[in-house]
Amino acid sequence: MNPYPVYKDSGIEWIGEIPEHWEMRNLKRIISEPLKYGANEPAESIDKDLPRYIRITDFGENGELRDETFKSLSEEKAKDYLLREGDLLLARSGATVGKSFLFRGYRGKACFAGYLIKATFNLDRTDPRFIYYFTKSLYYENWKNSIAIQATIQNIGADKYAYLPFPYVESLPEQRAIATYLDRKTQQIDSLIQKAEQKIALLQEQRAALINQAVTRGLTHLPPAQGGTQGLPLKDSGVEWIGEIPEHWEVKKLKYCFGLKTISLETDLPQVGLEHLESFTGAINYYEVNYEGIGTVFQVNDILFGKLRPYLAKVWKATFEGQAVGDFFVLSPNSIINPSYGHNILLCSSVIELCNSSTFGAKMPRVNWEFMSKISLPVPPIGEQNKVSEYIRIQNGHIHILLSKEQSRINLLKEYRQTLISEVVTGKVCVLDEVPQATAS
């Protein structure tokens, strides 16, 4: 890709130069009607014969609508907020402020929610894809951040979006050529990202299977020469999710393996919340924890178990002394449980599923402790727990290296995607020769 022949100053420092025949525009100058806020209605229905009710949570990573979040609105409530092909939706507040979605290719009716703002374009003059891709650029991020700095809360209303500045070319065929090129390139990049995500999903399944097998069967799949217990007799545990276990293992209720800490104190210890932990990995962002508030004090080797249904896989074996917010059970392994083995058994997918089945509450379902405390666990002798834990640690290390490589690949692809979009939508490179004329027009 080559640059355009001649450039000029855009007048905006963080955009820099733009092609000579392009101009800087504000959003309000190219929309065909005033920016509009969505419906302030609760998302209650899932009737697919009614207009889909699009909310911020429906925006997928690749510009698609997520199927699993489908909600609908009655015809009467939706009629004033119906979307047309090419409408651009912009999030106006909260952590997702600035997020964008282009409504295109949808079969059926759809309307939009109140935390979104709709921009409608004259399709004879503007290709909405051209504007949408600008909202995926680094330059849009710069603008959004500059607006956020000026406000006490994260909020970008229609009055601010109306003055969103961006480079604009009057030629509709050139807009289409740019948008078509980016459609093709981003689809290629997204395909590579999807393949990496599929590899990550398989590796996570492998890790879950590893833990499940190790905490229920121990090392019975390994020969003694490799530190295993292959050949030892098995017995029925009497518990469906556990199945057969080595004959010398015991089965005990969770409450006999862990003590539950319930006393909350106001301390200056680091406070750990759900947002600080990664699901399944147990990785913690220590540098973002708070140092004030009231929480349940935990010690090194205590285990924090997220009790909210969406965060049930957030299980962490403490590596420092601190305090946990009320969204955790703080469990202290007793003398019959190695803390590492206890951590792994609480990460076991079958235990997570059992806990999930006990959740109650409408908005934020929580684990029922009375149910959880009675879950049966396989308990080998301490010496064997140590070996099982070490085996899981080593195997997890191998899987973690592969996971890190795939995640790094995803991060690099996303970075490249945004950089490419940024270069193209500001005219830093010319892609007109990359798109067949018939496709662009």
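Residues numbered from 1 in each chain as written. Predicted model: local features only at pLDDT ≥ 70, side-chain atom pairs only at ≥ 80, totals over all residues. Heavy atoms only, no water.

A. Spatial organisation of the overall build of the protein. When helices and strands are tallied, the protein shows 10 helices and 22 strands. Taken along its principal axes, the extent of the C-alpha atoms in the protein is 80 × 50 × 50 Å. When contacts within the protein are restricted to residue pairs at least 6 apart in sequence, those whose partners lie at least 24 apart make up 73%. Accessible surface computed for the protein: about 22,200 Å², of which carbon and sulfur atoms make up 50%. (Helix = DSSP H or I, 4+ residues; strand = E, 2+ residues; numbered from the N terminus. Contact = heavy atoms within 4.5 Å. Areas by Shrake-Rupley, 256 points an atom, 1.4 Å probe, with all protein chains shown as cover.)

B. Expanded view of the environment of Glu23. Mapped onto the secondary structure, Glu23 falls in strand E3 (residues 23–26). Expressed as a C-alpha distance, the spacing of Glu23 and Tyr168, which sit 145 residues apart in the sequence, is 5.3 Å. Setting aside residues no more than four positions away along its own chain, Glu23 makes contact with Lys8, Ile18, Phe166, Pro167 and Tyr168. Only 3.0 Å separates the side chain of Glu23 from the side chain of Lys8, close enough to count as a polar contact. (Polar contact = N/O pair within 3.5 Å; in protein donor to acceptor, adjacent residues only side chain to side chain.)

C. A look at the packing of aromatic side chains. Enumeration according to the criterion identifies 17 aromatic pairs in this entry. Look at Tyr81 and Phe112: their rings are 6.2 Å apart centre to centre, the planes differ by 80°, and that puts the pair in the edge-to-face class. Here the residue Tyr81 occupies a position in the loop between helix H1 (75–78) and strand E6 (88–91), and Phe112 occupies one in strand E8 (residues 110–112), the gap between them amounting to 31 residues. Given a relative accessible area of 0%, Phe112 falls into the buried group. Ring geometry for Phe103 versus Tyr106: centroids 5.7 Å apart, planes at 45°, classification tilted. (Phe/Tyr/Trp six-rings, centres within 6.5 Å; stacked < 30°, edge-to-face > 60°. Buried < 20%, exposed > 50% of the residue type's maximum accessible area, 1.4 Å probe, protein only.)

D. Just the pattern of salt bridges, in detail. Under the counting rule described, the total for this entry stands at 22 salt bridges. One network of salt bridges, in which partners are shared, links Arg104, Asp127, Arg129 and Asp183. (Salt bridge = Lys/Arg side-chain N within 4 Å of Asp/Glu carboxyl O.)

E. Region of the structure containing the nonpolar core. Counting 92 residues, the largest nonpolar core has Leu27, Phe305, Leu346 and Met372 as its most contacted members. Examining the composition of this core, we find that 13 residues originate from one element, helix H5 (residues 172–217), more than from any other. If we ignore the near neighbours within four places in the chain, the residues touching Met372 are Leu254, Phe305, Phe329, Leu331, Leu346, Cys355 and Val367. In this structure, Leu274, Phe298, Leu308 and Ala318 belong to the second largest nonpolar core, which totals 14 residues. (Core = buried A, V, L, I, M, F, W, Y, C linked by side-chain atoms within 4.5 Å.)

F. Geometry of the sheet that holds strand E21 (residues 328–333). Read from one edge of the open sheet, four strands run E14-E21-E18-E19, paired in antiparallel fashion. Where the open sheet ends on each side, the last strands, each with one partner, are strand E14 (258–261) and strand E19 (315–317). On average, each strand axis in the sheet is tilted by 25° relative to the strand beside it, whichever way the strands run. Relative to E19, strand E18 (residues 303–306) runs antiparallel, the two sharing three bridges. The residue of E19 that forms the bridge with Phe305 is Val315. Set on the sheet, helix H6 (residues 339–347) makes contact with E14, E18, E19 and E21; between it and E19 the angle comes to about 175°. (Pairing = 2+ DSSP bridges. Axes fitted to C-alpha atoms, helices over the stretch in contact; angles between N-to-C directions.)

G. Structural view of the sheet that holds strand E4 (residues 36–37). Read across the sheet, four strands follow the order E4-E9-E6-E7 without closing on themselves; strand pairing throughout is antiparallel. Since the sheet does not close on itself, it has two edges, and those belong to E4 and strand E7 (100–102), each with one partner. Pairing analysis gives two bridges linking E4 to strand E9 (residues 116–119), with the strands arranged antiparallel. Opposite Tyr37, over in E9, you have Ile117 as the bridge partner.

H. Spatial organisation of unusual backbone geometry. Of note in this structure, Asn301 is not a glycine but carries a positive phi near 80°. Considering the arrangement of structural elements, one finds Asn301 in the loop between strand E17 (294–298) and E18. Since its relative accessible area comes to 31%, Asn301 is described here as partly exposed.

I. Representation of the packing of H6 against helix H9 (residues 382–425) within the structure. At their nearest, the axes of H6 and H9 sit 8 Å apart, and the two run at 60° to each other. By the angle class used here, H6 and H9 are oblique. Considering the relative orientation of H6 and H9, their crossing is left-handed. The residues of H9 that touch H6, namely those facing Ser340, Tyr341 and Asn344, are Gln385, Val388, Ser389 and Ile392. (Parallel < 35°, antiparallel > 145°, perpendicular 65-115°, else oblique. Left-handed = near helix turned anticlockwise from the far one by under 90°.)

J. Seen up close, the packing of H5 against H9. Relative to each other, H5 and H9 sit at 170°, their axes nearing to 10 Å. Between H5 and H9, the angle falls in the class roughly antiparallel. Of the residues assigned to the contact of H5 with H9, the class counts are 26 nonpolar, six polar and eight charged. (Nonpolar A, V, L, I, M, F, W, Y, C, P; charged D, E, K, R; others polar.)

Shape descriptors only; they carry no functional weight alone.
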